[in-house]
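Read off the chains here:
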Amino acid sequence: MPGLTKFPSFPANVPTHSLVVVDYQLLKAGHKDEIAKLWHAATHLGFWYLCNHGVDREVNAMFDVGAETLALPMSEKMKYEQGDDGDSFGYKAKGMIVTDLNGTRDTVEFLNIAQDDAVTWPQPTHRVYPSTVNARMNDVVIPFIQKSMAVNNTLLDIFERLLGLPRGSLAQLHAMDEPCGSEARVVKTPPNQSSAGIGAHTDFGTLTFLHNRLGGLQVMPPGSQDWLYVKPVPGYAICNIGDALAIFSGGVLRSNMHRVMPPPGEQSRYERYSVAFFTRPKNTVVLRPLAEKSRIIAEAAATNPREEYTSGATAGEWTARRIKKLRVKNRRGPETWYESKGTEHQSLRHTPETIRAAA
């Protein structure tokens with residue numbers, strides 16, 4: 001089990017990008033300097049560490065649930081496969097999606113558990129899950145999702161205020177009165193890999209709350225063509241802005257490029273697990289800048305009229321398109337890779353430099 005393994009230290013000789021460390025308890029207390037740090041991180045790189053978040057016990061238990069579930073026989077796991085129609089919830093086997101415009105297959109497997117299914121448990125809203133998940137739903141999965149929701153909702157409340165939005169504007173877009181794409185994910189990367197586990201992308205939704213024990217996550221800083229590792233720090237979550245929040249804010253908040261590579265150095269000899277919670281809007285919400293509700297957003301949108309921000313797609317359509325176009329069975333050629341893109345799409349278009357960076 002991941003919780004019982006002593007891993008080698010993250011190597012000191014690989015290029016890394018240091019993230020701002022934000023204290024969740026200080027944010028909740030309204031500490032102005034801490035809120036300023038969060039705002040700077042969210043508007044520049046779009047990534048930050050979050051400490052003192054209070055979800056450690058649930059995170060550790062989710063690592064164990066994930067390891068037990070992903071160790072099941074393939075014949076059992078495939079009963080819960082996502083399929084090729086753009087569905088997010090369920091199991092994804094290794095090699096089912098592409099990681100670059102050349103069609104290179106991914107090296108990871110993962111299980112996505114819908115927030116909606118946790119809220120309505122034991123009555124399924126979207127689908128059922130393996131017995132290993134059901135056995136720990138009440139004592140592990142539901143508490144992890146509930147606490148992760150609370151963390152991300154606190155961050156959304158802060159962003160809402162700093163963006164000049166009326167109180168409750170973002171909460172309404174994520175209210176649980178309709179189905180949404182929010183989900184918990186456990187990912188497993190086999191040892192001794194040489195290619196990308198998950199290719200260059202921006203996240204589909206609003207906010208990501210991620211937990212790693214081994215390295216592998218890389219970010220491409222704005223204005224750069226270099227991929228830099230993000231060092232995992234015990235007890236720290238890695239948070240980032242997703243496409244939906246970037247669009248809602250008219251580009252004020254940044255959904256940044258990242259990917260998952262094999263762990264560096266001696267860490268590459270071990271299975272790599274990660275646990276994440278993705279907050280996404282209700283499926284019916286149209287992704288567009290909230291310009292009529294905020295002068296800050298209106299001014300940003302006027303100077304940044306990107307086609308991704310005015311596509312008219314709903315959150316459900318946005319997520320389904322991106323997932324569907326990554327599936328190997330749906331690939332037609334390099335154009336399918338471009339069709340899978342989100343708010344990073346403009347920076348990936350049709351130049352030799354950006355094609356090499358994407359690949």
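Residues numbered from 1 in each chain as written. Predicted model: local features only at pLDDT ≥ 70, side-chain atom pairs only at ≥ 80, totals over all residues. Heavy atoms only, no water.

Moving on, we get to the nonpolar core. One broad trend across soluble globular proteins is that nonpolar side chains are buried collectively. The biggest cluster of nonpolar side chains holds 69 residues, and the ones touching the most others in it are W48, L50, F144 and F159. Beyond its immediate stretch of four places on either side in the chain, L50 contacts V22, Y24, L27, V151, F209, G235, Y236, A237 and C239. Residues Y49, V230, I238 and F278 belong to the second largest nonpolar core, which totals eleven residues. (Core = buried A, V, L, I, M, F, W, Y, C linked by side-chain atoms within 4.5 Å. Buried < 20%, exposed > 50% of the residue type's maximum accessible area, 1.4 Å probe, protein only. Contact = heavy atoms within 4.5 Å.)

A separate point is the sheet that holds strand β11 (residues 258-260). Read across the sheet, four strands follow the order β6-β11-β8-β9 without closing on themselves; strand pairing throughout is antiparallel. Each edge of the sheet is formed by a strand with only one pairing partner; in this case those strands are β6 (198-201) and β9 (228-229). As defined by bridge partners, β6 adjoins β11 across two bridges and the pair is classed as antiparallel. In the strand pairing of β11, H201 is matched with H258. (Pairing = 2+ DSSP bridges. Helix = DSSP H or I, 4+ residues; strand = E, 2+ residues; numbered from the N terminus.)

Confidence along the protein averages 93 in pLDDT terms, with 94% of residues attaining 70 or more. The model gives residues 346-359 a pLDDT under 50, and that stretch makes 26 contacts with residues more than four places away or in other chains. (pLDDT = per-residue confidence, 0-100.)

With that settled, the discussion passes to unusual backbone geometry. That bond from W121 to P122 is cis: its omega, 10 degrees, falls within 30 degrees of zero. Along the chain, the position of P122 falls in the loop between α5 (115-119) and α6 (131-134). One non-glycine residue, N52, lies in the positive phi region at around 55 degrees. Positive phi outside glycine occurs at N192, with the angle close to 60 degrees. Here N192 shows up in the loop between β5 (183-189) and β6. Residue N192 is classed as exposed on the basis of its relative accessible area of 58%.

Here we take up the packing of helix α3 (residues 56-70) against helix α7 (residues 137-162). Remark: α3 packs on α7, axes separated minimally by 9 Å, with the N-to-C direction vectors making an angle of 130 degrees. Our classification of the angle between α3 and α7 gives oblique. Of the two possible hands of crossing, α3 and α7 adopt the one that is left-handed. Residue-level contacts link R57, E58, V59, A61, M62 and V65 of α3 to D139, V140, V141, P143, F144 and K147 of α7. Looking at the contact of α3 with α7 residue by residue, the class counts come to eight nonpolar, no polar and four charged. (Axes fitted to C-alpha atoms, helices over the stretch in contact; angles between N-to-C directions. Parallel < 35°, antiparallel > 145°, perpendicular 65-115°, else oblique. Left-handed = near helix turned anticlockwise from the far one by under 90°. Nonpolar A, V, L, I, M, F, W, Y, C, P; charged D, E, K, R; others polar.)

Below, the discussion takes up helix α2 (residues 32-43). A rise of 1.5 Å per residue sets the reference length of α2, with its twelve residues, at 16 Å; its end C-alpha atoms lie 16 Å apart and thus fit the reference within 8%. Looking at α2, one finds that the buried residues are E34, I35, L38, A41 and A42. For α2, the buried positions fall inside an angular range of 125 degrees around the axis, keeping them on one side. Along α2, the residues that are exposed and aim more than 90 degrees away from the buried face are K32 and D33. (Expected span 1.5 Å × (residues − 1). Arc of directions from axis to C-beta.)

It is worth spelling out the UniProt feature "domain: Fe2OG dioxygenase" (unreviewed entry) in the protein at this point. UniProt tags residues 180-281 as "domain: Fe2OG dioxygenase" (unreviewed entry). Helix makes up 6% of residues 180-281 and strand makes up 37%, while its end C-alpha atoms are separated by 6 Å. (UniProt positions renumbered as here; feature names shortened; annotations may be inferred.)

Let us look at the sheet that holds strand β2 (residues 47-51). The eight strands lie next to each other as β1-β2-β10-β7-β12-β5-β4-β3, forming an open sheet whose pairing is mixed. The sheet is open, and its two edges are formed by β1 (21-23) and β3 (90-92), each paired on a single side. When the angles between neighbouring strand axes are averaged without regard to direction, this sheet yields 25 degrees. As paired elements, strand β7 (residues 207-212) and strand β12 (residues 272-279) share six bridges and run antiparallel to each other. Bridge assignment links F209 to a residue of β12, and that residue is F277. Packing of α7 onto the sheet brings it into contact with β2, β4 (109-114), β5, β7, β10 (237-241) and β12, and relative to β12 it is tilted by some 55 degrees.

Here we come to α7. An ideal rise of 1.5 Å per residue puts 38 Å on 26 residues; α7 measures up with 36 Å between its terminal C-alpha atoms. After α7 finishes, the residue G164 shows a positive phi value of roughly 75 degrees.

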